[in-house]
Amino acid sequence: MTYQAPKCGKNLESAAMSKFICNHPWTHFEVNNPNGDVTMCCDNNTVLGNVNSSGTEEIWNGDAYQSIRRDMRDRGAHAICPHTCPVMAGFKKWQELDWYKELPANSQVRKNATLNEQEFADGSLTLNSKPRWMRFCYSYACNLDCYHCYQREEAKVNITLPDKYVAEIYALAENYQVLFFFGGEPFMYKPVTKMMGDINTPEDCRYYLITNATLLTDPVMKMLETRNIGIFAVSLDAATSGSFDRLRVRGRSANWNEVITNVGKLAEMKKRKGFIFSISMTINSVNAGEIEQFVDLCLNHDAEPDILLVANPDETLKFQKEFLFFTPEQFVEMDQQISSCIEKVKAHGFSDSVAALKHLRNRLHDHRQQENNILRFGTKTLARKVFRYLPISLRMRIKDYAMAAKV
């Protein structure tokens, strides 16, 4: 499994019960910001380098990557990752890479994965293996204007990743188990759709794609038929056209019926190709009553519902009041709908969705006790801002203390 403690010696073996050691610092290379910043995943924003100033392999074994591997090995994920991490909550199992054992024995991708697994088990800081998971965001540009988008201001500048890094994605392709296209909207840019069609990845390399499903033209769908798709995730945020228009379109050119038609095309493609198909919604005070309707929409398309409580992108009071303040009646209704949906989703065998719904219920319970109170939200936001200005050594000590207090 992906998230076991590596066998680095007796100390770590004895700590396996108390430490949660994630392998992302050893396996993942992600550029989730077109400014070129590199991270080990989308849930930990520690910057490990920048592809504008350094090469991929230089970053991969640079001081920052070695440091986060050391911290993960010695201190564990709970000490260095946000408590909201969905992996630590028990889902996002699609990020696991243990299926490398199914790859052809003499292939480069299998050899690289086997070496990487051994380096992870040894707790190595400098690696001879290459990234097995490559995720990138070519641009934040998007054809929608989603209410919760944290990329909005950067998208207006329309920065794109450097050609040098794009060339390196091609050069390392023989090692990838996963090539993950992220955005913005990845289908807006020709360099990205071109790569989807012509990069020489291993036959078993899985494409992971996230899209708003507005730009899935016939030529795009025809090209995707030729690729090995592992996951196709659609971000929808609504179960009705009214909520869709208010939360995602907001003056842009998109049509609910066309998006649902494209969702249907993806459902048909899934029947032929057998990939994981998911549709996501972020819960807020506008769509709070649509949880069960949304789950039904997903299940009718044989898609896994992925529902999370929306994050306040800039931690503003305005956003909190408009989208994250729920009435007592809404909390009761959401809890009832979640309970009903858990049974429906469980019957379809979507274990990740069951875990996500249970996590959502817990998050809503915490939110009701804390940040649904506007005064508490303001106090907590101020505390977070002060915490970010503390020296990193002091922040680590505080996190360690908090972790010990929970235990």
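These lines cover the structure that appears in this document, whether it is placed above or below. (Residues numbered from 1 in each chain as written. Predicted model: local features only at pLDDT ≥ 70, side-chain atom pairs only at ≥ 80, totals over all residues. Heavy atoms only, no water.)

### Section: the overall build of the chain
- When its secondary structure is counted, the chain shows 18 helices and 9 strands.
- Each of the 407 residues in the chain was classed as buried or not, and the buried ones make up 52%.
- Taking the contacts inside the chain whose residues are at least 6 apart along the sequence as the reference set, 69% of them involve residues at least 24 apart.
- By element, 52% of the accessible surface of the chain is carried by carbon and sulfur atoms, the whole surface being about 19,000 Å². (Helix = DSSP H or I, 4+ residues; strand = E, 2+ residues; numbered from the N terminus. Buried < 20%, exposed > 50% of the residue type's maximum accessible area, 1.4 Å probe, protein only. Contact = heavy atoms within 4.5 Å. Areas by Shrake-Rupley, 256 points an atom, 1.4 Å probe, with all protein chains shown as cover.)

### Structural notes on the pattern of salt bridges
- A complete count under the given rule lists 14 salt bridges for this structure.
- Arg132 is the salt-bridge partner of Glu117, the closest N and O atoms lying 2.9 Å from each other. One end of the pair, Glu117, is in helix H6 (residues 108-122); the other, Arg132, is in the loop between H6 and strand S4 (133-137), and 15 residues separate them in sequence. (Salt bridge = Lys/Arg side-chain N within 4 Å of Asp/Glu carboxyl O.)

### Notes on the nonpolar core
- Judged by nonpolar contacts, the single largest core of 101 residues is most densely connected at Phe29, Phe136, Leu179, Leu224, Phe232, Phe277 and Ile279.
- Looking at which element gives the most residues to this core, the answer is helix H12 (residues 256-273), with 7 residues.
- Ranked by size, the runner-up nonpolar core spans 12 residues in total, among them Leu103, Val178, Tyr208 and Ile231. (Core = buried A, V, L, I, M, F, W, Y, C linked by side-chain atoms within 4.5 Å.)

### Some thoughts on the packing of helix H15 (residues 328-347) against helix H16 (residues 351-369)
- Between H15 and H16, the shortest axis-to-axis distance is 9 Å and the interhelical angle comes to 165 degrees. With respect to H16, the axis of H15 lies roughly antiparallel. Between H15 and H16 lies a crossing whose hand is left-handed. Across from Pro328, Phe331, Met334, Asp335, Ile338, Ser339, Cys341, Ile342, Val345 and Lys346 in H15, the residues of H16 making contact are Ser353, Val354, Leu357, Lys358, Leu360, Arg361, Leu364, His367 and Arg368.
- Broken down by class, the residue content of the contact of H15 with H16 amounts to 11 nonpolar, 3 polar and 5 charged. (Axes fitted to C-alpha atoms, helices over the stretch in contact; angles between N-to-C directions. Parallel < 35°, antiparallel > 145°, perpendicular 65-115°, else oblique. Left-handed = near helix turned anticlockwise from the far one by under 90°. Nonpolar A, V, L, I, M, F, W, Y, C, P; charged D, E, K, R; others polar.)

### Quick notes on the environment of Glu57
- Within the element layout of this structure, Glu57 appears in helix H3 (residues 56-60).
- Along the sequence, Glu57 and Leu127 sit 70 residues apart, while their C-alpha atoms lie 9.9 Å from each other.
- Beyond its immediate chain neighbours, meaning those up to four positions away, Glu57 contacts Lys130 and Leu172.
- There is a polar contact of 2.5 Å between the side chain of Glu57 and the side chain of Lys130. (Polar contact = N/O pair within 3.5 Å; in protein donor to acceptor, adjacent residues only side chain to side chain.)

### Digging into the environment of Ile342
- Looking at where Ile342 falls in the secondary structure, it is placed in helix H15.
- For Ile342, a relative accessible area of 4% puts it in the buried group.
- It is 5.6 Å that separates the C-alpha atoms of Ile342 and Val354, two residues lying 12 residues apart in sequence.
- If we skip the residues at most four places from it in the chain, Ile342 touches Val354, Leu357, Lys358 and Arg361.

### Quick notes on the packing of aromatic side chains
- What the rule picks out here adds up to 20 aromatic pairs.
- Taken together, a centroid distance of 5.5 Å and an interplanar angle of 70 degrees make the contact between Phe136 and Phe181 edge-to-face. With Phe136 in strand S4 and Phe181 in strand S5 (residues 178-182), this residue pair connects regions lying 45 residues apart in the sequence. Across this residue pair, the class does not change: Phe136 and Phe181 are buried.
- A centroid spacing of 5.9 Å and a plane angle of 5 degrees characterise the contact between Tyr147 and Phe319, whose relative ring orientation is stacked. Pair noted here: Tyr147 is in the loop between S4 and helix H7 (152-157) and Phe319 is in helix H14 (residues 317-323), with a separation of 172 residues, a long-range link. No difference in accessibility class separates Tyr147 from Phe319, as the two residues are buried.
- Members of the aromatic cluster, each reached through a chain of ring pairs, are Trp94, Trp133, Phe180 and Tyr208.
- One residue, Arg132, lies across the ring of Tyr100, its end atom 5.3 Å from the ring centre.
- The ring of Trp99 is capped by Arg206, whose NZ or CZ atom sits 3.5 Å from the centre of that ring. (Phe/Tyr/Trp six-rings, centres within 6.5 Å; stacked < 30°, edge-to-face > 60°. Lys NZ or Arg CZ within 6 Å of the ring centre and 35° of its normal.)

### Here we look at unusual backbone geometry
- The omega torsion across Gly183 and Gly184 is 25 degrees, close enough to zero to call that bond cis.
- Within the secondary structure, Gly184 sits in the loop between S5 and helix H9 (190-198).
- The backbone phi angle of Asp237 is positive, close to 65 degrees, even though this residue is not glycine.
- Position of Asp237 relative to the elements: it lies in the loop between strand S7 (229-235) and helix H11 (241-249).
- Phi is positive for Glu315, close to 55 degrees, though the residue is something other than glycine.
- Counting through the fold element by element, Glu315 comes out in the loop between strand S9 (304-309) and H14.

### A closer look at the pairing of S9
- In the sheet, strand S8 (residues 276-283) pairs with S9 via 6 bridges, with the strands oriented parallel. Bridging from a neighbouring strand, Ile279 pairs with Pro305 of S9.
- Remark: the S8/helix H13 (residues 291-300)/S9 crossover connection has right-handed handedness. (Pairing = 2+ DSSP bridges. Right-handed = clockwise from strand over helix to strand, strands pointing away.)

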